[in-house]
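Working through the structure, step by step
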Amino acid sequence: MLRWWHVVTMEAELRPTAGRRLGAQESLGVSTLEPGRRPPPMPRGRRISIRVLLLDDTEEVFEVSQRAPGKLLFDLVCSHLNLIEGDYFGLEFQDRRKMTVWLDLVKPIMRQVKRPKCTLLHFVVKFFPPDHTQLLEELTRYLFALQIKQDLASGRLVCNDSSAALLVSHIIQSEMGDFDEAQSRQQLLDNQYIPNQESLLDRILEFHHKHVGQNPAESDYQLLEIARRLEMYGIRLHPAKDKENTKLSLAVAHTGILVFQGQTKINAFNWSKVRKLSFKRKRFLIKLRLDPNRSVCQDVLEFLMLSRDCCKAFWKICVEYHAFFRLLEEPKPKPKPVLFTRGSSFRFRKHSKVQSVCRQPCSPLLQAEAPNELSEVCSSADQPDSQHRRSSSLAGGHGSGASREHSSPARPIGPEDGVGAAAEGRRQASPARQLTENPSTAAPAVNSPWLSDSSVTSQGLVNGQKPASVAGHSPDGKPPSLLTSPQLNDMGCMRTDEEEEAWRKRFPTDKAYFIAKELLMTERTFLKDLEVITVSFQNLIAKEDVVPDSVRDHVSSHFVPVHKFHTGYLKEVEQRLALWEGRSNAHIKGDYQRIGDVMLKNIQVIKQMTGHLQKHAETLLEVERVCGGSRRLEALCRELELQKVCYLPLNVFLLRPLHRLMHYKQILQRLCKHYPATHEDFRDSRAALADISELVAQLHGTMIKMENYQKLLELKKDLIGVDNLATSGREFIRLGCLSKLSGKGLQQRMFFLFNDILLYTSRGMTASSQFKVHGQLLLYGMTIRESEDEWGVPHCFTLSSQRQSVVVAASSLLEMERWMEDIKMAIDLARKSNGPSSELLATSRPESKCPEESTLDQESEDDLSASRTSLERQAPHRGNTTVVCWHRNTSVSMVDFSLAVENQLSGNLLRKFKNSNGWQKLWVVFTNFSLFFYKTYQDDYPLASLPLLGYSVTIPTESENIHKDYVFKLHFKSHVYYFRSESEYAFDRWMEVIRSATNPPSRSRSRNQNRKDLQPH
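In this report, we go over the structure that sits alongside the text.

What counts as what
- Residues numbered from 1 in each chain as written.
- Predicted model: local features only at pLDDT ≥ 70, side-chain atom pairs only at ≥ 80, totals over all residues.
- Heavy atoms only, no water.
- Helix = DSSP H or I, 4+ residues; strand = E, 2+ residues; numbered from the N terminus.
- Buried < 20%, exposed > 50% of the residue type's maximum accessible area, 1.4 Å probe, protein only.
- Contact = heavy atoms within 4.5 Å.
- Areas by Shrake-Rupley, 256 points an atom, 1.4 Å probe, with all protein chains shown as cover.
- Pairing = 2+ DSSP bridges.
- Axes fitted to C-alpha atoms, helices over the stretch in contact; angles between N-to-C directions.
- Salt bridge = Lys/Arg side-chain N within 4 Å of Asp/Glu carboxyl O.
- Polar contact = N/O pair within 3.5 Å; in protein donor to acceptor, adjacent residues only side chain to side chain.
- Core = buried A, V, L, I, M, F, W, Y, C linked by side-chain atoms within 4.5 Å.
- Expected span 1.5 Å × (residues − 1).
- Phe/Tyr/Trp six-rings, centres within 6.5 Å; stacked < 30°, edge-to-face > 60°.
- Lys NZ or Arg CZ within 6 Å of the ring centre and 35° of its normal.
- Patch = residues over 30% accessible without salt bridge, like charges linked within 9 Å, V, L, I, M, F, W, Y side chains within 5 Å.
- Lys, Arg positive; Asp, Glu negative; His and termini not counted.
- Charge placed at Lys NZ, Arg CZ, Asp CG, Glu CD.
- Parallel < 35°, antiparallel > 145°, perpendicular 65-115°, else oblique.
- Left-handed = near helix turned anticlockwise from the far one by under 90°.
- Nonpolar A, V, L, I, M, F, W, Y, C, P; charged D, E, K, R; others polar.
- Arc of directions from axis to C-beta.

Some remarks on the overall build of the protein chain
- Scanning the protein chain for helices and strands turns up 34 helices and 28 strands.
- Within the span of the protein chain, comprising 1017 residues, buried residues form 56% of the whole.
- The contacts in the protein chain between residues at least 6 apart in sequence include a share of 66% that link residues at least 24 apart.
- Of the roughly 44000 Å² that the protein chain leaves accessible, carbon and sulfur atoms contribute 50%.

Structure, rendered in structure tokens:
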């Protein structure tokens, strides 16, 4: 038995520890957590063994008494590591409910760890400071670097590919030294540092090659410098829901409480704004201080968490974070109640951050960075009454009464004269301390002279953002709800105009950058649209045996490869924009501040996929053919269109890859127009434009045919009483609202003009709001004349066919001119094509529709208007232009539809209502004459839509008091919206595309002459 114990002891001695990694001496058994003090005496009682997993993945066993408090075990771990700055760390474990909790330092260990033999405690970072230069010891920075390494490997620290590759390059530089291609590649093959490491192998090696000469301490420093600027740095997500049952996640940071949706931060509540935190059962409550500047303010926010235990655990860590980063010293205990206790007795049991800094020897580095701030904080530690009151109100517990606490008084801060030799040796080896031995060389960390050039260069590549002086990002939001508020700055306070101007100046101002950003934004939307086919539609038909293999094969063979390609293409564009936005990278400006080379390379790949693109048109035909013979597949397609993710008719998504080619062409045309001929990106952009123009010309005929066929199929679903609408040779020309003169006076009717026939309908009484056909007028032999004087009706004209005459009136002179021009052109086409053989459409009885369609297209004017809560309603938002034309008393032509396809746009906009004070940040997609609103670009479906037909777009006047740049105004009758873009280029683009929907151009005869010879299937 003794021999076995001797072997175990020898193995433990030889096992590498964090201290040995830095060459520190052995611990003499003196606790360095409390300088000058030894660990507290071990209580009497039976000894138990507690296993602790350290950050370097070594497992240590500590013998403690079963009566020992958690602090004794924590001190033993810190003493084993020779760790001075232990206040940033904690011990976590899974309790009997499989919930990860922190070890309470005051309660006995056995009350928390019920089965110590089966429980493994993890020594991890608990409090993440905003600036790692506040960490005085190299050992502490090393442990933080190990925590970052673990978070990267587990996927908890989410970042873009460039940042991930840069972080991993610093990790392997710290572990194996300078770059050697064979050894570095083998190191990456043997170890998994990030989930998608294989695809980033070359980029990691490229970054590693730039770190030559960095020692491990410098690499750790750079790793923390990059990681601290990531949005998910130090974030531990706790699942929750809001009052609308929306899935969210809560997290706590040094600035306050954060709200996430997925991996995107949508709001932040700064500690200065929070009055009290409490919980009641599963409800977590945030009580905010009233803002005198806002007339309407929600002062209590409520979140529903998974269970009471989850809610309490999150509340406790919030209290600890607030106390650690905001208080000047440990909260003093309240007197123990005589009879009853109400609320939780939990209180923060460790030193605050200020105490942790003040009880260390004053670092010259800290003095160089902020001598006044640190001295003021430390000197004010003797008067903490106001801070104590703040802590008492925040730690509200889950009762209505005041909370009680049972804890020992805060220990006095003593001099650091009893620290072991190992800690002294580490302090002498610290690069930060070596730097500041000469006060003349002291400088802030980001400009530290001992950082290598490659290290300083790499600081600009953090999620595509330039390094900011304050950690964190501005939260997205939507007033008046305090869940989201774009007016908050990085610290959670109201953002001033000066801060907004400074925020804008952090990004490039070159027009080419904004053109490239438009490519990125629209590519994100395009990829989401592709997923409607490759994910939603494919999953739907995969579960049904009645769906023929031909449909499945078309999707899997021709859409999935395109989706896979564009996924990689989007990553390339994101990475290029991330490098472009890193303005500190001055020496690589020529390499990364361009986009033409990326587009040229990928357009050449698209040309090789022309076969897939041509098959997409066949997919539309095949789906329609199969739906005609299978009611089950038709019902499946209808079911998909009722889902929120399918915000447009399904057939539109099938043609999206063809439409995307025109968008690439337009972007490249703007790039070539912007660049001078001598620009280094001009040659690539011009070559890419030539390639995409050739491809568009090759597929132009197919696109026109399929657009017309898709529109005929859509109208077939909207009309009751006709069967053979989508037939060969028929072309759609215009639809819209006209008033028909009858014996009862003028009655509103919906007219549909084709190249051979004119239909007039009325709004049906069916649940799906279809249009019932009342009459058909053959165009062959028809005459048209103005008859305003004859009937005394403004904007009136008469249509005379072989069988009947119809008198109609338009809503305006412009509408009358558009209708008369198109009808005259259609009459000419009918006379030149089929002659007198044209026949009326076959009539059919109305089909009964499923009850699910009852909410599909029912939109009152209020639904289309600017209700303040319109974005909160989760109603279906399938775009139906026919219904909008009926409500807005306007018309749309096929040319307008084609222009709308070309003028699609996506991006972030701030939106403001007429009578509201705050701006709401939204992800906005313009397509199909409508604006679709999302919280973020990652959302799968829109929250609401705003059809723009009938709206006017203008610039606000002085009297409207909109004192902001790049604002445009949308108004229809009494409904007014203001939208604000981020740049002049974005403002011009939004105005351009919205005007194409609100003010359709007159019909181009030359274009229609080209279209009339293209016969659809």
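Digging into the pairing of strand β15 (residues 745–754)
- Here strand β14 (residues 732–742) runs beside β15; their pairing, made up of 10 bridges, is antiparallel. Bridge pairing in β15 links glycine 736 to phenylalanine 751.
- The sheet contact formed by β15 and strand β16 (residues 757–763) spans four bridges and is antiparallel. Paired with methionine 750 across the strands is threonine 761, a residue of β16.
- Hairpin connection, β15 to β16: the antiparallel pair is bridged by two residues.

Thoughts on the sheet that holds strand β7 (residues 247–252)
- Strand order in this open sheet of seven strands is β9-β8-β7-β6-β12-β11-β10, and the pairing throughout is antiparallel. Single-partner strands in this sheet number two, and they are β9 (264–270) and β10 (274–280). When the angles between neighbouring strand axes are averaged without regard to direction, this sheet yields 30°.
- Two elements, β7 and strand β8 (residues 256–261), share four bridges in a ladder whose sense is antiparallel. Paired with valine 252 across the bridge in β8 is isoleucine 257.
- The sheet strands contacting helix α10 (residues 308–326) are β6 (238–241), β7, β8, β10, β11 (283–288) and β12 (300–305), and the helix crosses β10 at an angle near 155°.

Examining the pattern of salt bridges
- Enumeration according to the criterion identifies 39 salt bridges in this entry.
- Arginine 228 is the salt-bridge partner of glutamate 225, the closest N and O atoms lying 3.2 Å from each other.
- The exposure class assigned to arginine 228 is buried, which follows from its relative accessible area of 9%.
- Among the ionic pairs, arginine 524 bridges to glutamate 574, the shortest N-O distance being 3.5 Å. Here arginine 524, found in helix α19 (residues 511–542), pairs with glutamate 574, found in helix α21 (residues 560–581); they are 50 residues apart in sequence, far enough to count as distant.
- Classification of arginine 524 as buried rests on a relative accessible area of 15%.
- Put simply, Glu518, Arg670, Arg989 and Glu992 are held in one network by salt bridges that share partners.

Focus on the side chain of arginine 888
- Counting through the fold element by element, arginine 888 comes out in helix α31 (residues 881–888).
- Under the relative-accessibility criterion, arginine 888 is labelled buried at 6%.
- Looking at arginine 888, its side chain comes within polar contact range of the main-chain oxygen of proline 947, at 3.0 Å.

Things to note about the nonpolar core
- In terms of nonpolar packing, the biggest core is built from 97 residues, with Val52, Leu73, Phe89, Phe123, Leu143, Phe284 and Ile286 touching the most fellow members.
- It is α10 that contributes the most residues to this core, nine residues altogether.

Quick notes on helix α9 (residues 216–227)
- Under the 1.5 Å per step criterion, the end-to-end length of α9 is 16 Å for 12 residues, consistent within 8% with the ideal 16 Å.
- In terms of residue burial, α9 counts as a mostly covered element, since 11 of its 12 residues are buried.
- Within the span of α9, buried status applies to Ala217, Glu218, Ser219, Asp220, Tyr221, Gln222, Leu223, Leu224, Glu225, Ile226 and Ala227.
- The N-cap of α9, judged by a side-chain oxygen 3.1 Å from the amide nitrogen of alanine 217 a few residues on, is asparagine 215.

Brief notes about unusual backbone geometry
- Positive phi values are uncommon outside glycine, yet asparagine 245 reaches one of about 65°.
- In this structure, asparagine 245 sits in the loop between β6 and β7.
- Non-glycine residue histidine 795 carries a positive phi angle of around 55°.
- Looking at where histidine 795 falls in the secondary structure, it is placed in the loop between α29 (788–791) and β19 (796–800).

As for the packing of aromatic side chains
- Within the structure shown, the criterion is met by 35 aromatic pairs.
- Aromatic side chains phenylalanine 89 and phenylalanine 144 sit 5.6 Å apart centroid to centroid with 70° between the ring planes, which places their arrangement in the edge-to-face category. You can see phenylalanine 89 sitting in strand β3 (residues 89–94) and its partner phenylalanine 144 sitting in helix α5 (residues 138–154), a full 55 residues away along the chain.
- Phenylalanine 89 sits in the buried class, given a relative accessible area of 0%.
- Since its relative accessible area comes to 1%, phenylalanine 144 is described here as buried.
- In this structure an aromatic cluster arises from ring pairing among Phe74, Tyr88, Phe89, Phe123, Phe127, Phe128, Phe144, Tyr233, Tyr321, Phe324 and Phe325.
- The cationic tip of arginine 888 hangs over the ring face of phenylalanine 972; the distance from NZ or CZ to the ring centre is 4.7 Å.
- Positioned over the ring face of tryptophan 919 is arginine 980, at 6.0 Å from the centre of the ring.

What about the sheet that holds strand β4 (residues 100–102)?
- The five strands are arranged β2-β1-β5-β3-β4 in an open sheet whose pairing can be described as mixed. For this open sheet the edge positions go to β2 (59–65) and β4, each flanked by a neighbour on one side alone. The mean angle between the axes of side-by-side strands here comes to 35°, regardless of whether they run parallel or antiparallel.
- Bridge count between strand β1 (residues 47–53) and strand β5 (residues 120–125): three bridges; the pairing is parallel. Looking across to β5, one finds that valine 52 is bridged to leucine 121.
- Docked against the sheet, helix α3 (residues 70–80) engages β1, β2, β3 and β5, running at close to 140° with respect to β2.
- Sheet strands touched by α5: β3 and β5. Its angle to β5, the strand with the most contacts, is close to 115°.

Some thoughts on the environment of glutamine 593
- As for its placement among the helices and strands, glutamine 593 is situated in the loop between α22 (589–592) and α23 (596–608).
- Judged by its relative accessible area of 25%, glutamine 593 falls in the partly exposed class.
- In this structure the C-alpha to C-alpha distance between glutamine 593 and glutamate 581, which are 12 residues apart in sequence, comes to 8.4 Å.

Looking at the environment of threonine 619
- Within the secondary structure layout, threonine 619 lies in helix α24 (residues 610–629).
- Residues threonine 619 and phenylalanine 559, spaced 60 residues apart in sequence, show a C-alpha to C-alpha distance of 9.5 Å.
- Ignoring any residue separated from it by four or fewer positions in sequence, one finds threonine 619 in contact with His554, Phe559 and Leu654.

Structural notes on a positive patch on the surface
- Together, Arg96, Lys107, Arg111 and Lys114 give the surface a local cluster of positive charge.
- Residue position: arginine 111 is located in helix α4 (residues 109–112).
- Under the relative-accessibility criterion, arginine 111 is labelled exposed at 57%.

Considerations on the packing of helix α6 (residues 161–176) against α9
- Interhelical geometry of α6 versus α9 gives an angle of 160° and a closest axis separation of 8 Å. As the angle between them shows, α6 and α9 are arranged roughly antiparallel. As α6 runs across α9, the sense of the crossing is left-handed. In contact with Leu166, Leu167, His170, Ile171, Gln173 and Ser174 of α6, α9 contributes Pro216, Ser219, Asp220, Gln222, Leu223, Ile226 and Ala227.
- Tallied by class, the residues present in the contact of α6 with α9 amount to seven nonpolar, five polar and one charged.

What about a negative patch on the surface?
- Side chains of Glu786, Glu788, Asp789 and Glu817 sit close together on the surface and give a patch of like negative charge.
- Its location among the elements puts glutamate 788 in helix α29.
- The exposure class assigned to glutamate 788 is partly exposed, which follows from its relative accessible area of 36%.

Some details on helix α8 (residues 201–209)
- Buried within α8 are the following residues: Leu201, Ile204, Leu205, Phe207 and His208. In an axial view of α8, the angular spread of the buried residues amounts to 160°, which keeps them on one side of the axis.
- Each element contacted by the buried residues of α8 is listed here: α6 and α7 (181–190).

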